[in-house]
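What the coordinates show
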Amino acid sequence: MFTAIAAAVVCGVVGACGGYYYRLKIAEGKIGQAEVEAERIVNDAKHTAESKQKELILEGKEEIHKLRVDLERENKERRSELQRMERRLLQKEEHLDKKSDSMEKKEEVLQHKEDEVNLLQEKISVIHDKQMAELERISGLAYEDAKELLLNNVKTEVKHETAMMIKDMEQQAKEDADVKAREIISTAIQRCAADHVAETTVSVVSLPNDEMKGRIIGREGRNIRAIETLTGVDLIIDDTPEAVILSCFDPIRREVARIALEKLITDGRIHPARIEEMVEKARREVNQKIREAGEQATYETGVHGLHPELMKILGRLRYRTSYGQNVLRHSIEVSQLAGIMAAELGVDVNLAKRAGLIHDIGKALDHEMEGTHVSIGAEFAKKYGESKVVVNCISAHHGDEEPHSVEAVLIAAADAVSAARPGARRETLESYLKRLTKLEEIAKSFDGVEECFAIQAGREIRVMVKPDKIDESGCVMLVRDIVKRIEAELEYPGQIKVVIIRETRMVDYAK
């Protein structure tokens, strides 16, 4: 048993040793093969490296050769360019040398000519002095006197030519302007024709019978005193049958008193308490009419966005007149005229209408506040948010300020057209005669005026001049001077035409 085990162990050991030896031999064989393969790979790498090295050397030599050829070609081209530039510089140098020689020759010629000119100038100066001396001897005038005479003659000729030129230019401008102005203004007037009712400072209230006068006066005059105290209006009760006259400078107060008195007459109960009640009702009614008048004016002209206070002030113009012309109707007409002219000229129509409608709002307040209606109107327009352009239109429509826009000029023109058109305003005989007299005095104050006549209700003046004192060019200057004097010294509606008449009569007798 033991022997068998030992034999088995020995056999296993021997088998293991044999297997190890066999694997060792196989490994040695593989190592040998690997060494051979590695040697082969190394040899191949050496051969490959040598061939690559040779190729690189050849390529480097070829690149060097190519660069050398390119460099030689570039150097050759540069040398050729330098040679060309050198030849051009030589040519320019030769050309400049030729020019320099030519310039020297020209300078010599010019110097020679300059000497000749100087010599001629000296001769001319001597001849001129001799001629001047001879002219002074022949004319009997010194040089300065002759110069002054010549300048005066030239001045007279230039003045005459200037006057004729001014005359021609004015005539052309007037012809062009008259056609356009007539077209614009006639169109505006035709489209804005309005009726104006002349109002006064008194109102007449009709009575049903003369017994009503006693009731209006009341016991010991208490009723009439109450009416006058509450309204600020004077009641005139005279022999006029069935009528009572109300007198007051303020048309609004007069209207309140008229309405209140009519209500009292209709009611029949006339006593102080009832009078106070009716006056208050009349005042509210008039205020309502004022608001409605302002709204109607804005609606009629198409002006929107006015401040309520401005609209109320505008409505008060319904009871305000100027030279018999209702100011509210005048304002509406100015707004419409300004809008039409603005449309014709291509400027802001809405702005022109707005400024035209409120241009006279100061007249509703000028008896309550200090200042002209222009300054008051501009102040209130600015206070209630109107633009600077509108405020300037109000301030400039009577020339108190310079107009800053075309619309401002149009407002002044529309205001003059509305006020000056026939039938628009009344004028007292006294002021009318004073204006005509002053107009003729201004024309007669100029030298050379023989006679003058104001015609066409003072809208034209014809001036006769003395032909021996004023010539044709002098007439042009005279008419301009007269116009400037009239504009500076007179106030008048519309415009005044000045006509200069120069008549030359030649008289002789056959014997």
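Summarised in this report is the structure supplied together with it. Since this is a predicted model, take the numbers as computed values, not measurements.

Focus: helix α7 (residues 308–316)
Considered for burial, the residues of α7 that qualify are Leu310, Met311, Ile313, Leu314, Gly315 and Arg316. In this structure, the buried residues of α7 make contact with α5 (251–267), α6 (272–301), α8 (327–345), α9 (349–357) and α10 (373–383).

Quick notes on the pairing of strand β1 (residues 202–206)
Of the two faces of β1, only the one carrying Ser203 and Val205 is buried; Val202, Val204 and Ser206 on the other face are not. Bridge analysis of β1 against strand β3 (residues 243–247) gives 5 bridges, and the strand direction is antiparallel. Counted as the bridge partner of Ser206 is Ala243 from β3.

What about the packing of α6 against α7?
In the contact formed by α6 and α7, the axes pass within 7 Å of each other and the chain directions differ by 100°. Between α6 and α7, the angle is such that the two are roughly perpendicular. On α7, the residues that touch Ile290, Ala293, Gly294, Glu295, Ala297 and Thr298 of α6 are Met311, Lys312, Leu314, Gly315 and Arg316. For the contact of α6 with α7, the residue count by class is 5 nonpolar, 3 polar and 3 charged.

Topic: the sheet that holds strand β8 (residues 497–502)
Across the sheet, 3 strands lie side by side as β6-β7-β8; this open sheet has mixed pairing. Two strands lie at the open edges of the sheet, namely β6 (449–455) and β8, each paired on one side alone. Sheet twist, expressed as the average angle between the axes of neighbouring strands with direction ignored, equals 20°. Sheet topology note: the β6/strand β7 (residues 460–465) ladder contains 6 bridges and is antiparallel. Directly across from Cys452, in β7, lies its bridge partner Val463. Sitting on the sheet, helix α14 (residues 472–489) touches β6, β7 and β8, and the angle it makes with β8 is about 150°.

A look at empty space enclosed by the protein
Tallying each qualifying case throughout the model produces 1 cavity of 30 Å³ or more. Estimates place the volume of the largest cavity at around 50 Å³. Together, Asp250, Pro251, Ile252, Arg316, Tyr319, Arg320, Lys363, Ala364 and His367 line the largest cavity. Within the lining of the largest cavity, the residues separate by chemical class into 4 nonpolar, 1 polar and 4 charged.

Rules behind the numbers
Residues numbered from 1 in each chain as written. Predicted model: local features only at pLDDT ≥ 70, side-chain atom pairs only at ≥ 80, totals over all residues. Heavy atoms only, no water. Buried < 20%, exposed > 50% of the residue type's maximum accessible area, 1.4 Å probe, protein only. Helix = DSSP H or I, 4+ residues; strand = E, 2+ residues; numbered from the N terminus. Contact = heavy atoms within 4.5 Å. Pairing = 2+ DSSP bridges. Axes fitted to C-alpha atoms, helices over the stretch in contact; angles between N-to-C directions. Parallel < 35°, antiparallel > 145°, perpendicular 65-115°, else oblique. Nonpolar A, V, L, I, M, F, W, Y, C, P; charged D, E, K, R; others polar. 1 Å grid on protein atoms, 1.4 Å probe; cavity = no way out; pocket = protein on both sides within 12 Å on 5 of 7 lines; lining within 4 Å. Points joined across faces, edges and corners; volume = space filled by probe spheres on them.

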